[in-house]
Amino acid sequence: LQTELMAAIDSAGTLEALEAVRVSALGKQGSVSALLKTMGGMSPEERQTQGPIINGLRESITSALAAKKAELETADLNRRLATERVDMTLPAPDAPRGTIHPVSQVMDELAEIFADMGFAVAEGPEIEDDWHNFTALNIPETHPARAMHDTFYFPDEMARDGQKMVLRTHTSPVQIRTMTSQEPPIRIIAPGRVYRSDSDATHTPMFHQIEGLVIDKGIHLGHLKWTLETFLKAYFEREDVVLRLRPSYFPFTEPSVEVDVGYSVINGKRVIGGSEGWMEVLGSGMVHRKVIEACGLDPDVWQGFAFGTGVDRLAMLKYGMDDLRAFFDGDNRWLQHYGFNA
Ligand code: PHE
């Protein structure tokens, strides 16, 4: 039987023919399978002499089949390589290519600028609890600043640990999340989506902010000013960027400063640089003692500054879009025009 089967394997010219030999030997009704079955009816002595012979037969047939199969497959591949050709001169189909959204582009630019200044990127949830979004930032329940935020509240049933849940109205809760989970010194930026119930040409219910936070010993307003100046010059890629710091109010900073950047009017268009006019670009200040305390740190040891600004607005100022809503329309013509190549 072995010689017979080996000859059949050897002469199989195709994978199909080889498979037929395999079935005839090792299949359910196969000749080798039949021999294997007879072992059940053998006496122990018989099985001792016949067993190894029958199993040896099965093994040698199995490996001969595998060897022949590999041989046939290689031959098949070589034949295809020899006969099939790819026409490299055919023009490739013109597949549409996507672009990088200006918001993503600007976030990447900002992360790179701040990375050079030693800032890491931090993140927090967009569904935030009342304590992180407001209370820990020195905005208690009764504070008028709450009304200014046009907050999207989740229904009471969705409260977590007795905390009302909101869509975060700013990236400032990431300040709290960072200070409560990391030891100072801290240097982070936190870009991300924020939500306010507000919608017109200059407001969309979802927009993007980037937060900055530095906590260390002996940090003062001068550090804040230098950091913002260095950042805005790098971002607008101009040395003639001029900043104007105006006293302002945020519950979580004291003192608070609003920062304007100067522009010049060239051919009727506003161009960043110079000081013919001023545009507000960000809010900032020294982190309030109460905020540092709420995070379990000693405000007599640790001080810092924070800032927050709209990423969409920064994109508009640098790349000259005029309608904020277009950022979120998903209009492919707009995306092709303002998008960036990967
Ligand atoms: N969170 C403030 C806003 O959304 C911006 C800000 C951040 C101000 C950090 C000061 C410090 O308007």
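Residues numbered from 1 in each chain as written. Predicted model: local features only at pLDDT ≥ 70, side-chain atom pairs only at ≥ 80, totals over all residues. Heavy atoms only, no water.

**Comments concerning the nonpolar core**
And step 1. Grouped together as the largest cluster of nonpolar side chains are 41 residues, with contacts concentrated most on L110, L228, F231, L232, Y235 and F327.
And step 2. Of all elements in the fold, only helix 5 (102-116), strand 5 (206-216), helix 9 (221-236), strand 7 (253-266), strand 9 (277-287), strand 10 (303-310), helix 11 (311-319) and helix 12 (332-338) reach the threshold of two or more residues within this core.
And step 3. Look past the residues within four positions of L110 in its chain and what remains in contact with it is I189, I210, F231, Y235, V311 and L314.
And step 4. Formed by 22 residues, the second largest nonpolar core is a distinct cluster that contains A122, F134, I176 and V291. (Core = buried A, V, L, I, M, F, W, Y, C linked by side-chain atoms within 4.5 Å. Buried < 20%, exposed > 50% of the residue type's maximum accessible area, 1.4 Å probe, protein only. Helix = DSSP H or I, 4+ residues; strand = E, 2+ residues; numbered from the N terminus. Contact = heavy atoms within 4.5 Å.)

**Overview of the pattern of salt bridges**
And step 1. The full count for this structure, using the stated rule, is 21 salt bridges.
And step 2. One salt bridge in this structure joins K69 and E73, with 4.0 Å as the shortest N-O distance. Of the two residues, K69 and E73 both sit in helix 4 (residues 44-83), four residues apart, roughly one turn of that helix.
And step 3. On the basis of relative accessible area, K69 is assigned to the partly exposed category, the value being 43%.
And step 4. On the basis of relative accessibility, which here comes to 41%, the residue E73 falls in the partly exposed class. (Salt bridge = Lys/Arg side-chain N within 4 Å of Asp/Glu carboxyl O.)

**Digging into the site of the ligand**
And step 1. Not every one of the 14 residues close to the ligand is listed here, only the nearest: H170, S172, R196, Q209 and E211.
And step 2. One of the side-chain N or O atoms of H170 is found 3.0 Å from a nitrogen atom in the ligand.
And step 3. Separating a nitrogen atom of the ligand from a side-chain N or O atom of S172 is a distance of 2.9 Å.
And step 4. Within the complex, 90% of the 320 Å² of free accessible area of the ligand lies under protein.
And step 5. For the shell around the ligand, the secondary structure elements donating two or more residues are strand 5, strand 9 and strand 10.
And step 6. Broken down by element, the residue count for the shell around the ligand peaks at three residues, all from strand 10.
And step 7. For the shell around the ligand, the per-class residue count stands at four nonpolar, eight polar and two charged. (Near = heavy atom within 4 Å. Polar contact = N/O pair within 3.5 Å; in protein donor to acceptor, adjacent residues only side chain to side chain. Areas by Shrake-Rupley, 256 points an atom, 1.4 Å probe, with all protein chains shown as cover. Nonpolar A, V, L, I, M, F, W, Y, C, P; charged D, E, K, R; others polar.)

**What to know about the UniProt feature "binding site: Mg(2+)" (unreviewed entry) in the chain**
And step 1. The positions that UniProt labels "binding site: Mg(2+)" (unreviewed entry) are, in the present scheme, E254.
And step 2. Residues in contact with E254, not counting those within four places in the same chain, are M286 and H288. (UniProt positions renumbered as here; feature names shortened; annotations may be inferred.)

**Here's the deal with the environment of Q303**
And step 1. Here Q303 is to be found in strand 10.
And step 2. If sequence neighbours within four positions are ignored, Q303 has contacts with V214, I215, D216, K217, G218, I219 and I292.
And step 3. There is a polar contact of 2.8 Å between the side chain of Q303 and the backbone nitrogen of G218.

**As for the layout of surface pockets**
And step 1. Approximately 160 Å³ is the volume found for the second largest pocket.
And step 2. Lining the second largest pocket are M117, F119, R187, V214, D216, I219, H223, W226, T227 and F305.
And step 3. Going through the elements one at a time, strand 5 and helix 9 are the ones with two or more residues in the lining of the second largest pocket.
And step 4. Broken down by element, the lining of the second largest pocket gets its largest block of residues, three residues, from helix 9.
And step 5. Broken down by class, the residue content of the lining of the second largest pocket amounts to six nonpolar, two polar and two charged. (1 Å grid on protein atoms, 1.4 Å probe; cavity = no way out; pocket = protein on both sides within 12 Å on 5 of 7 lines; lining within 4 Å. Points joined across faces, edges and corners; volume = space filled by probe spheres on them.)

**A look at unusual backbone geometry**
And step 1. Cis geometry is adopted by the peptide bond preceding P185, which originates at P184 and carries an omega value of 0 degrees.
And step 2. Among the secondary structure elements, P185 is positioned in the loop between helix 8 (173-181) and strand 4 (186-195).
And step 3. Residue P255 is bonded to the preceding E254 through a cis peptide linkage, with omega at -5 degrees.
And step 4. Relative to the helices and strands, P255 is located in strand 7.
And step 5. The phi angle at N138 is positive, at roughly 65 degrees, despite the residue not being glycine.

**Quick word on helix 9**
And step 1. The first and last C-alpha atoms of helix 9 sit 22 Å apart over 16 residues, in line with the 22 Å expected at 1.5 Å per residue.
And step 2. Listed as buried for helix 9 are L224, T227, L228, F231, L232, Y235 and F236. What you see down the axis of helix 9 is that its buried residues fit within an arc of 135 degrees, all on one side.
And step 3. Looking at the residues trailing helix 9, positive phi occurs at E237, about 55 degrees. (Expected span 1.5 Å × (residues − 1). Arc of directions from axis to C-beta.)

**Details of the side chain of D260**
And step 1. When you line up the elements, D260 lands in strand 7.
And step 2. On the basis of relative accessible area, D260 is assigned to the buried category, the value being 3%.
And step 3. One polar contact links D260 to R246, side chain to side chain, over a distance of 2.7 Å.
And step 4. Leave out the neighbours within four places in its chain, and D260 touches V242, L243, R244, R246, W278, M279, E280 and V281.

**Notes on the packing of helix 5 against helix 11**
And step 1. At a closest axis distance of 9 Å, the pairing of helix 5 and helix 11 adopts a crossing angle of 95 degrees. Judged by the inter-axis angle, helix 5 sits roughly perpendicular to helix 11. Where helix 5 abuts helix 11, its residues V103, Q105, V106, M107, E109 and L110 lie against V311, D312, L314, A315, K318 and Y319.
And step 2. Of the residues belonging to the contact of helix 5 with helix 11, the class tally is eight nonpolar, one polar and three charged. (Axes fitted to C-alpha atoms, helices over the stretch in contact; angles between N-to-C directions. Parallel < 35°, antiparallel > 145°, perpendicular 65-115°, else oblique.)

**Some remarks on the confidence of the model for the chain**
And step 1. Here the chain averages 92 in pLDDT, and 100% of its residues register 70 or above.
And step 2. Averaged pLDDT values over the elements of the chain bottom out at 72 in helix 7 (residues 144-148) and peak at 98 in helix 8. (pLDDT = per-residue confidence, 0-100.)

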